[in-house]
Amino acid sequence: MSTDHLPTGPTDDATGEIRDFIRQIVREDLASGKHASIHTRFPPEPNGFLHIGHAKAICLNFGLAQEFGGACNLRLDDTNPAKEDPAFVDAIKHDVHWLGFDWSELRHASDYFGVFYLAAEKLIEQGDAYVDDLSPEEMRKFRGTLTEAGRNSPFRDRGVEENLALFRRMRAGEFADGAKTLRAKIDMSAGNINLRDPALYRIRKVAHQNTGDAWPIYPMYDFAHSLSDALEGITHSLCTLEFEDHRPLYDWCVDKVDLVNHPTLWQHLVEAGIPTVPSKPRQIEFSRGNINYTVMSKRKLLNLVQGNLVDGWDDPRMPTIAGVRRRGFTAAALRLFWERIGVSKQNSVIDLGVLEGCVREDLDSRAERRMGVVDPLKVTLTNLDASHVETLTFPNHPKDESFGTRQVPFTASVWIEREDFEEVPPKGFHRLKPEGEVRLRGVGIIRCDEVVKDAAGLVVELRCSLDKDTRHGMPGADRKVKGTIHWVSAHHGVPAEIRLYDRLFNVADPDDDSDGKTYEDHINPDSARVVHGYVEPAAATIAVDQRVQFERMGYFVPDSHDHAAPSRIVFNRVVTLRDSWAKQAGK
RNA sequence: UGGGAGAUCGUCUAACGGUAGGACAACGGACUCUGACUCCGUUUAUCUAGGUUCGAAUCCUAGUCUCCCAGCCA
């Protein structure tokens, strides 16, 4: 089975190269000799599970390194111990690997705490940073607004020695949480609010998952992130659009600290066995990939989990990597999706159907076929002996013989899909109806002679006759009928719990709360329907990570938590098949 | 009335002063023992108004709309 596919995204027709503005920059930098090779990184904060949006950044950063023969680090951005958890670190590593990538080096921002501290002292000595006693509320007032300049803190002009002494006492744990901060001395009247003396260090007497209680102070994002990039020799630091106006501060930190020319700041890393060749990284921003009918903010996903609105981070309806994996999406489908979407600076909302299409495209070529009935209706073939049993041979894939064949038991009593019979069929209905004919896949043409109902009028059985001249392999087998339906032997069918998933939200933009309703109000009550059906024996024995296509019904995967063959069969529906009949019938 | 960014088919994305192209979707057809897959074909776009130019999505001017920023979060 082939897992490869030609790129069908925004590629150059002639060369097949993926082209977007970032790859263009990379090509230029390589061609001009600015860089001999590139180095990227994926820097998640371990405060939640990774989601499909992160997959975009992962594909971009690791993909770039792969394409251009560079390196890509995985860096856990663990500068805020109050929000982070080692459990998330394991999930992140697992997800990156599952997506098909491996990092050149695993790093943590906390590996560099010693460097950040020395860098902060350097800034103080240069007169570029000061210790401020303002409370958070006071600081907000002094910051000004979007349209009004801020005012200098009364502590802004402390001398170097005083600042140094104070900062050292902060580090020694002499002050309470929030009592003081270290601030960059830039410009309180800057139009860009990020430049109004941003905080560099805060006091947080919280144990850190890596460094324990070694530090009572922790660096802020802008300071830690820029210097981490420089320390790791990152050449192209890719991030999303909302960091665009942080770039001046990013550059300020890198330039003022100037790690390249000050090895004393990081020499201890080298001595500790952490290879360090600082660079002057370039931050480049691209747009996030929003998808309709879903929410993608970490805060909202956390909320869904903690509020028990879903069944955990890996609920198959969640847009987390763990969720779509359990749902049955493949890594190849996710990669194809982001490749197809491309990379730009335009805000955009991608139709969920595009993702589903990628999943179908990948699964069509790699999933074995089986038959399974989700909503069973009994069919009795009256002209077959009631004890009739035969074994049919079915190909596992309609287009690829290398998938082999399987044995499918056939008896005089079978389950068919309830929706494949209509007593009063709509126009264009190709399936079974009273007096009508349909092909039983791999068997032959049957005719519905009698409809049996219960006292309530519900159809409980169809009594049909099989046209034996049309049996598979017989001369009459090529007789044309409009429809072919799937079935499962009633004597052999394995009872299965089947979970039919649908979009988690029933509005295209769950984030839109302008009507007073929140995303929680828009959860689709039918997003997880559990039904009980029957699958053919060869479906009950497939591997847990193997997806199958139940013909005409969609792609399914055994649930990684609850499937326990042979005693308990549980399938998740990955995605339906394209259904032009449903579309037509729905009109 | 601050700073930053972005507007191209329904959606996503190309173009780098020289034929507005591709992908997905949609629609029509062919094929079909999956109303799937596959194949063929068709429709649809440069935010607006001026200007420069032989020629403008691209350059200039003026507007319009959208997104981001006032955490000791990232």
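Residues numbered from 1 in each chain as written. Chains lettered and ligands numbered in written order. Predicted model: local features only at pLDDT ≥ 70, side-chain atom pairs only at ≥ 80, totals over all residues. Heavy atoms only, no water.

Engineer: Could you give an account of the overall build of chain A, naming the residues involved and the relevant values?
Structural biologist: Of regular secondary structure, chain A possesses 15 helices and 27 strands. Dimensions along the principal axes, computed over C-alpha positions, put chain A at roughly 100 × 50 × 40 Å. Counting all 587 residues of chain A, 52% fall into the buried class. Sequence separation of at least 24 residues holds for 71% of the intrachain contacts in chain A that already meet a minimum separation of 6. For chain A, the accessible area works out to roughly 26100 Å², and carbon and sulfur atoms hold 49% of it. Here chain A carries 74 positive and 90 negative side-chain charges, and the mean point of each set is 2 Å from the other. (Helix = DSSP H or I, 4+ residues; strand = E, 2+ residues; numbered from the N terminus. Buried < 20%, exposed > 50% of the residue type's maximum accessible area, 1.4 Å probe, protein only. Contact = heavy atoms within 4.5 Å. Areas by Shrake-Rupley, 256 points an atom, 1.4 Å probe, with all protein chains shown as cover. Lys, Arg positive; Asp, Glu negative; His and termini not counted. Charge placed at Lys NZ, Arg CZ, Asp CG, Glu CD.)

Engineer: So, the protein's contact with RNA strand B: which residues are in play, and what are the values?
Structural biologist: Around RNA strand B, 67 residues are found, and the nearest of them are R369, K399, R431, H472 and K583. Of everything in RNA strand B that lies within 4 Å of the protein, sugar and phosphate atoms constitute 64%. For RNA strand B, a phosphate oxygen lies 2.8 Å from a polar atom in the side chain of R143. The contact in question runs from a sugar or linking oxygen of RNA strand B to an N or O atom on the side chain of D364, over 2.9 Å. Going through the elements one at a time, α5 (136–143), β6 (199–203), α12 (331–341) and α15 (580–585) are the ones with two or more residues in the surface near RNA strand B. Per-element tally for the surface near RNA strand B: the top contributor is α5, with four residues. Across the surface near RNA strand B, the residue classes break down as 18 nonpolar, 23 polar and 26 charged. (Near = heavy atom within 4 Å. Polar contact = N/O pair within 3.5 Å; in protein donor to acceptor, adjacent residues only side chain to side chain. Nonpolar A, V, L, I, M, F, W, Y, C, P; charged D, E, K, R; others polar.)

Engineer: Before we move on, could you go through the packing of aromatic side chains and cite the residues and values that matter?
Structural biologist: Under the criterion given, the structure shown has 22 aromatic pairs. Aromatic pair Y221 and F243: ring centres 5.1 Å apart, planes at 35°, arrangement tilted. On the criterion of sequence distance, the pair formed by Y221 in helix α7 (residues 221–231) and F243 in the loop between β8 (236–240) and α8 (247–257) is long-range, its members being 22 residues apart. In this structure Y221 comes out as partly exposed when scored by relative accessible area, which is 25%. Linked through ring pairs, Y112, F113, F116, Y117, F167, Y201, W215, Y218 and F223 together constitute an aromatic cluster. (Phe/Tyr/Trp six-rings, centres within 6.5 Å; stacked < 30°, edge-to-face > 60°.)

Engineer: Explain the sheet that holds strand β3 (residues 106–108) residue by residue, including any values.
Structural biologist: Strand order across the open sheet formed by three strands is β1-β2-β3, with parallel pairing between neighbours. A strand with exactly one partner marks an edge of an open sheet, and here the two such strands are β1 (39–42) and β3. Across this sheet, the average inter-strand angle for adjacent strands is 35°, counted without regard to direction. Relative to strand β2 (residues 71–76), β1 is paired through four bridges, and the arrangement is parallel. Note that in β2 the partner of H39 across the bridge is A71. (Pairing = 2+ DSSP bridges. Axes fitted to C-alpha atoms, helices over the stretch in contact; angles between N-to-C directions.)

Engineer: I'd love a proper account of the sheet that holds strand β19 (residues 444–453), names of residues and values included.
Structural biologist: On the basis of which strands lie adjacent, the open sheet formed by seven strands has the order β21-β18-β19-β20-β14-β17-β22 and mixed pairing. The open sheet has two edge strands, β21 (484–485) and β22 (487–489), and neither has a second partner. As paired elements, strand β18 (residues 437–440) and β21 share two bridges and run parallel to each other. Paired with R439 across the strands is T484, a residue of β21.

Engineer: Talk me through the side chain of S153; I want residue IDs and the actual numbers.
Structural biologist: You can see S153 is positioned in the loop between α5 and α6 (160–171). Only 2.9 Å separates the side chain of S153 from the side chain of D132, close enough to count as a polar contact. With residues up to four places along the chain from it excluded, the contact list for S153 reads Y130, D132, L134, F142 and R183.

Engineer: Requested: an account of the environment of I416, with residues and values cited.
Structural biologist: Assignment of secondary structure puts I416 in strand β17 (residues 413–417). The sequence separation of I416 and W487 amounts to 71 residues, and the corresponding C-alpha distance is 4.6 Å. Not counting chain neighbours up to four residues away, the residues in contact with I416 comprise V373, D375, P376, L377, V379, L432, L440, L462, I485, H486 and W487.

Engineer: Provide a residue-level description of unusual backbone geometry, including the pertinent values.
Structural biologist: Most peptide bonds take the trans form, and the phi angle of most residues other than glycine is negative. Looking along the chain, the bond that leaves A565 and enters P566 is cis, with omega of 0°. Tracing the chain through its elements places P566 in the loop between β26 (554–558) and β27 (570–575). Look at N308: it is not a glycine, yet its phi comes out positive at around 55°. Locating N308 in the fold gives a position in the loop between α10 (298–306) and α11 (321–327). Judged by relative accessible area, N308 falls into the exposed class, the value being 65%.

Engineer: Account for the pattern of salt bridges, with residues named and values stated.
Structural biologist: All told, the structure shown has 47 salt bridges when counted by the stated rule. Between E536 and R406 there is a salt bridge; the shortest N-O distance is 2.8 Å. Placement of the pair is E536 in the loop between β24 (528–535) and α14 (537–540) and R406 in strand β16 (residues 405–411), with a sequence separation of 130 residues. E536 gets classed as buried once you look at its relative accessible area, which sits at 2%. For R406, a relative accessible area of 5% puts it in the buried group. (Salt bridge = Lys/Arg side-chain N within 4 Å of Asp/Glu carboxyl O.)

Engineer: Account for the packing of α7 against α8, with residues named and values stated.
Structural biologist: The geometry of α7 relative to α8 is characterised by a closest axis approach of 9 Å and an angle of 60° between their N-to-C directions. In terms of orientation, α7 and α8 fall into the oblique class. The handedness of the crossing between α7 and α8 comes out as right-handed. Contacts between α7 and α8 involve D222, F223, H225, S226, L227 and D229 from the first element and L249, Y250, C253, V254 and V257 from the second. For the contact of α7 with α8, a count of residues per class yields seven nonpolar, two polar and two charged. (Parallel < 35°, antiparallel > 145°, perpendicular 65-115°, else oblique. Left-handed = near helix turned anticlockwise from the far one by under 90°.)

Engineer: Please set out the pairing of β27 residue by residue, giving values where relevant.
Structural biologist: Of all six residues in β27, six are buried; the element is thus mostly enclosed. Two elements, strand β23 (residues 494–501) and β27, share three bridges in a ladder whose sense is parallel. If you follow I498 over to β27, its bridge partner there is F571. Where β26 lies against β27, four bridges are found, and the strand directions are antiparallel. Paired with P558 across the bridge in β27 is F571.

Engineer: So what's going on with the environment of N290? Which residues, and what values?
Structural biologist: Locating N290 in the fold gives a position in strand β10 (residues 290–291). Overall, the relative accessible area of 31% leaves N290 in the partly exposed class. In this structure the C-alpha to C-alpha distance between N290 and S348, which are 58 residues apart in sequence, comes to 6.3 Å. Those residues in contact with N290, other than ones at most four positions away along the chain, are S348, V349 and I350. Here the side chain of N290 touches S348 through a polar contact of 3.0 Å, landing on its backbone oxygen.

Engineer: Mind laying out the packing of helix α4 (residues 113–126) against α8, listing which residues take part and the relevant values?
Structural biologist: Viewed as axis vectors pointing N to C, α4 and α8 meet at an angle of 80°, and their least axial separation amounts to 10 Å. Regarding the angle of α4 to α8, the classification is roughly perpendicular. On the side of α4, the interface is formed by A119, K122, L123 and Q126, while α8 contributes W252, K256 and V257. Residue composition of the contact of α4 with α8, grouped by class: four nonpolar, one polar and two charged.

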